[in-house]
Amino acid sequence: MISAHLIPPQDAAARRLAVLTLDEAHDLLHLLQLIAAEGLDELSDEAEWFAREIAARIPSEN
């Protein structure tokens, strides 16, 4: 599980990440990275931002 103390309490969407397993967080990170790599539209920009936020909160895969 992602430690809840790593997630800012003011962001309700980020707090929900605390319920993901580490494997789920890595799967989500990979999905967001794929979306971000598809182009320079609003969706890819948001996906890139979320990917950076998630990557900063979880340990890297071995």
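Everything below is about the structure shown above.
Below is a summary of the structure that appears in this document. (Residues numbered from 1 in each chain as written. Predicted model: local features only at pLDDT ≥ 70, side-chain atom pairs only at ≥ 80, totals over all residues. Heavy atoms only, no water.)

**Quick notes on helix H3 (residues 42–57)**
Structurally, the α-helix is built with 3.6 residues per turn, so residues lying three or four positions apart point the same way.
Right, so step 1: Relative to the 22 Å expected for 16 residues at 1.5 Å per residue, H3 spans 23 Å between its end C-alpha atoms, a close match to the ideal helical length.
Right, so step 2: Among the residues making up H3, those that are buried are Ser 44, Ala 47, Ala 51, Ile 54 and Arg 57. Mapping the buried residues of H3 onto a view down its axis gives an arc of 145°, with all of them on the same face. In H3, those exposed residues whose orientation departs by more than 90 degrees from the buried face are Glu 42 and Ala 56.
Right, so step 3: Where H3 is buried, its residues contact helix H2 (22–37). (Helix = DSSP H or I, 4+ residues; strand = E, 2+ residues; numbered from the N terminus. Expected span 1.5 Å × (residues − 1). Buried < 20%, exposed > 50% of the residue type's maximum accessible area, 1.4 Å probe, protein only. Arc of directions from axis to C-beta. Contact = heavy atoms within 4.5 Å.)

**As for the packing of H2 against H3**
Right, so step 1: Relative orientation of the contacting elements H2 and H3 amounts to 150°, with a least axis distance of 8 Å. Looking at the two axes, H2 sits roughly antiparallel to H3. Where H2 crosses over H3, the two elements pack in a sense that is left-handed. Listed contacts from H3 to Ala 25, Leu 28, Leu 29, Leu 32, Gln 33, Ile 35 and Ala 36 of H2 are Leu 43, Ser 44, Ala 47, Glu 48, Phe 50, Ala 51, Ile 54 and Ala 55.
Right, so step 2: In terms of residue class, the contact of H2 with H3 is made up of 12 nonpolar, 2 polar and 1 charged. (Axes fitted to C-alpha atoms, helices over the stretch in contact; angles between N-to-C directions. Parallel < 35°, antiparallel > 145°, perpendicular 65-115°, else oblique. Left-handed = near helix turned anticlockwise from the far one by under 90°. Nonpolar A, V, L, I, M, F, W, Y, C, P; charged D, E, K, R; others polar.)

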